[in-house]
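Topology and contacts: notes
Chain by chain, the residues run as shown.
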Amino acid sequence: MSKEYLLASLGLSRATISRKEKDATVLSKDESERVLGVETLIGMVQTMVEQSGDPSGFDAARWVSNWLSKPLPALAGATPASYMDTFEGQKLVAELLAMSQSGAYA
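Since the structure is predicted, the reported quantities are computational estimates derived from the model, not experimental observations. (Residues numbered from 1 in each chain as written. Predicted model: local features only at pLDDT ≥ 70, side-chain atom pairs only at ≥ 80, totals over all residues. Heavy atoms only, no water.)

**Here's the deal with the pattern of salt bridges**
According to the stated counting rule, one finds four salt bridges in the structure shown. Here Arg-14 makes a salt bridge to Glu-4, at a shortest N to O gap of 3.5 Å. Remark: Glu-4 occurs in helix H1 (residues 3-9) and Arg-14 occurs in helix H2 (residues 14-23); sequence separation between them is 10 residues. Of the residues examined, Arg-14 reaches a relative accessible area of 38% and is grouped as partly exposed. Using a relative accessible area of 45% as the deciding quantity, one classes Glu-4 as partly exposed. The salt bridge involving Asp-59 is made with Arg-62; its shortest N-O contact spans 3.7 Å. (Salt bridge = Lys/Arg side-chain N within 4 Å of Asp/Glu carboxyl O. Helix = DSSP H or I, 4+ residues; strand = E, 2+ residues; numbered from the N terminus. Buried < 20%, exposed > 50% of the residue type's maximum accessible area, 1.4 Å probe, protein only.)

Here it is as structure tokens:
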């Protein structure tokens, strides 16, 4: 996933991130939570794969990146990435992942 696509899906502007990097300032609490939400999804997927079998060669970050950009019927054809800009949206996306592990949603 490109940095621009990731930032857009998280509702963060490239200019804001660049300015914060330049000024060595931290993200706001809300911005940090959105970024950490992606890390949480990656951790969830890695755990799911480890519980299901051999994780050798599996790249959870790459898988999540691809999955976030694909339209899902459970989201009325929207991409999971389009829900990543809010806490509630990230919670919904995490629930979809959890349901896919249990087979409740295919």
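Structure's up, so let's keep going.
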